[in-house]
Amino acid sequence: MLKIWRWYTNCLAVHPVKTQVISSGLIWGLGDLAAQAVTRATAVKKKNLFLSDEDNIHINWRRVVTTSIFGMAFVGPIGHFWYEGLDRFLKCRFNYPPKSMRFVAMKVALDGIIFGPVDLFVFFTYMGFASGKNVNQVKEEVKRDFLPALIVEGGIWPIVQVGNFRFIPVRYQLLYVNLFCLLDSCFLSWLEQQQDAAWKQWFKTFSFKEQKSRDG
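Rules used throughout
Residues numbered from 1 in each chain as written. Predicted model: local features only at pLDDT ≥ 70, side-chain atom pairs only at ≥ 80, totals over all residues. Heavy atoms only, no water. UniProt positions renumbered as here; feature names shortened; annotations may be inferred. Helix = DSSP H or I, 4+ residues; strand = E, 2+ residues; numbered from the N terminus. Buried < 20%, exposed > 50% of the residue type's maximum accessible area, 1.4 Å probe, protein only. Contact = heavy atoms within 4.5 Å. Phe/Tyr/Trp six-rings, centres within 6.5 Å; stacked < 30°, edge-to-face > 60°. Expected span 1.5 Å × (residues − 1). Bend = angle between axes of the 7 residues up to and from the residue. Axes fitted to C-alpha atoms, helices over the stretch in contact; angles between N-to-C directions. Parallel < 35°, antiparallel > 145°, perpendicular 65-115°, else oblique. Left-handed = near helix turned anticlockwise from the far one by under 90°. Nonpolar A, V, L, I, M, F, W, Y, C, P; charged D, E, K, R; others polar. Core = buried A, V, L, I, M, F, W, Y, C linked by side-chain atoms within 4.5 Å.

Looking at an unreviewed UniProt entry, the protein carries the name Peroxisomal membrane protein MPV17, with the source organism given as Lactuca virosa. Turning to the protein, the UniProt record has this under Sequence similarities (unreviewed entry): "Belongs to the peroxisomal membrane protein PXMP2/4 family." According to UniProt, the comment filed for the protein under the heading Subcellular location (unreviewed entry) is "Membrane".

This paragraph deals with the overall build of the protein. When helices and strands are counted, the protein shows nine helices and zero strands. Helices and strands in the protein line up, N terminus first, as α-α-α-α-α-α-α-α-α. The 216 residues of the protein split such that 41% are buried. Put simply, of all contacts in the protein between residues at least 6 apart along the chain, 76% involve residues at least 24 apart.

In the numbering used here, UniProt assigns the "transmembrane region" (unreviewed entry) feature to residues 64-83, 103-126, 146-168 and 174-191. Along residues 64-83 the backbone is 100% helical and 0% strand, and the end-to-end C-alpha distance reaches 26 Å. Here residues 146-168 runs as 87% helix and 0% strand, with 29 Å between its end C-alpha atoms.

Bringing the packing of aromatic side chains into the picture now. Following the criterion strictly, the structure yields 16 aromatic pairs and no others. With a centroid separation of 5.4 Å and an interplanar angle of 20 degrees, the aromatic rings of Phe 70 and Phe 74 are classed as stacked. Here Phe 70 pairs with Phe 74, and both are found in helix α4 (residues 61-94), just four residues apart, close to one helical turn. Here the two residues Phe 70 and Phe 74 agree in accessibility, since each one is buried. With a centroid separation of 5.8 Å and 25 degrees between ring planes, the pair formed by Phe 70 and Tyr 126 is classed as stacked. Here Tyr 126 lies in helix α5 (residues 101-130) and Phe 70 lies in helix α4, a separation of 56 residues in the sequence. Ring pairs connect the aromatic residues Trp 28, Phe 70, Phe 74, Trp 82, Tyr 83, Phe 115, Phe 123, Phe 124, Tyr 126 and Phe 165, which therefore count as one cluster.

Turning our eyes to something else, we now look at α5. Across its 30 residues, α5 extends 41 Å between first and last C-alpha, which sits within 8% of the 44 Å expected from 1.5 Å per residue. In the structure, α5 departs most strongly from a straight axis at Gly 112, where the bend amounts to approximately 40 degrees. Where α5 ends, the next residue or the one after it, Gly 132, has phi of about 95 degrees, a positive value.

Turning to the packing of α4 against α5, a few remarks are in order. Between α4 and α5, the least distance of the axes is 11 Å, while the angle of their chain directions is 155 degrees. On the basis of the axis angle, α4 is roughly antiparallel to α5. The way α4 lies across α5 gives a crossing that is right-handed. Looking at the contact of α4 with α5 residue by residue, the class counts come to 21 nonpolar, three polar and seven charged.

Glancing now at the environment of Asp 145. With respect to the secondary-structure elements, Asp 145 resides in helix α6 (residues 135-154). Under the relative-accessibility criterion, Asp 145 is labelled buried at 2%. Taking the C-alpha atoms as reference points, Asp 145 and Phe 121, separated by 24 residues in sequence, lie 9.5 Å from one another.

Core analysis: the biggest nonpolar cluster contains 28 residues, and Tyr 83, Phe 123, Phe 124 and Leu 188 have the highest contact counts within it. Secondary-structure elements contributing two or more residues to this core are α4, α5, α6, α7 (157-167) and α8 (173-194). In terms of residues, this core owes the most to one element, α5, which gives eight residues. In contact with Tyr 83, not counting residues within four places along its chain, are Asp 111, Phe 115, Gln 161, Phe 165, Val 170, Gln 173, Leu 174 and Val 177. Ranked by size, the runner-up nonpolar core spans five residues in total, among them Tyr 8, Leu 12, Ile 27 and Leu 175.

Have a look at this one:
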């Protein structure tokens, strides 16, 4: 295990972007395998079905590849430049001491306000189109899933990122986030499985009422 870690850190030092891209793709692929297991278990419990062993081990490899591509094409390169750029921006712009509470708090706030929502929006949009859905279907699914995911994850990711920005060196921060995304993939898969659950409808109703009150 130590040899693998040394090999990884060496690759990260020599080819940082390429290493982040490949590792993100692999981790997101593994995350989707775990997510499919969660989705399968949820569906079986919900429908109270008895499935054969062959059905239980069925894996949607197309979805695994699709999710891996998201990790490679978006999370890897964008995440690399985001964490590197965010660190440099705050050091140059505000001159906060690295690892100070102000420095960490500003990073957590900007990450939650900018990168978090963009990441979720791109994920839901990309997965919708990649599964063959049309523009209207994708739009409806984003409306249905984006706000609940943003609110639930908004209560979890800041805690994760405090540890990340306080204790993890910048070049390892995306790896740290990707490892937590293994769990996040399971949550997003479960969220999609809920479809038009009552608690999702509450979010949509709340959002509609707030918009209506702003309009007049």
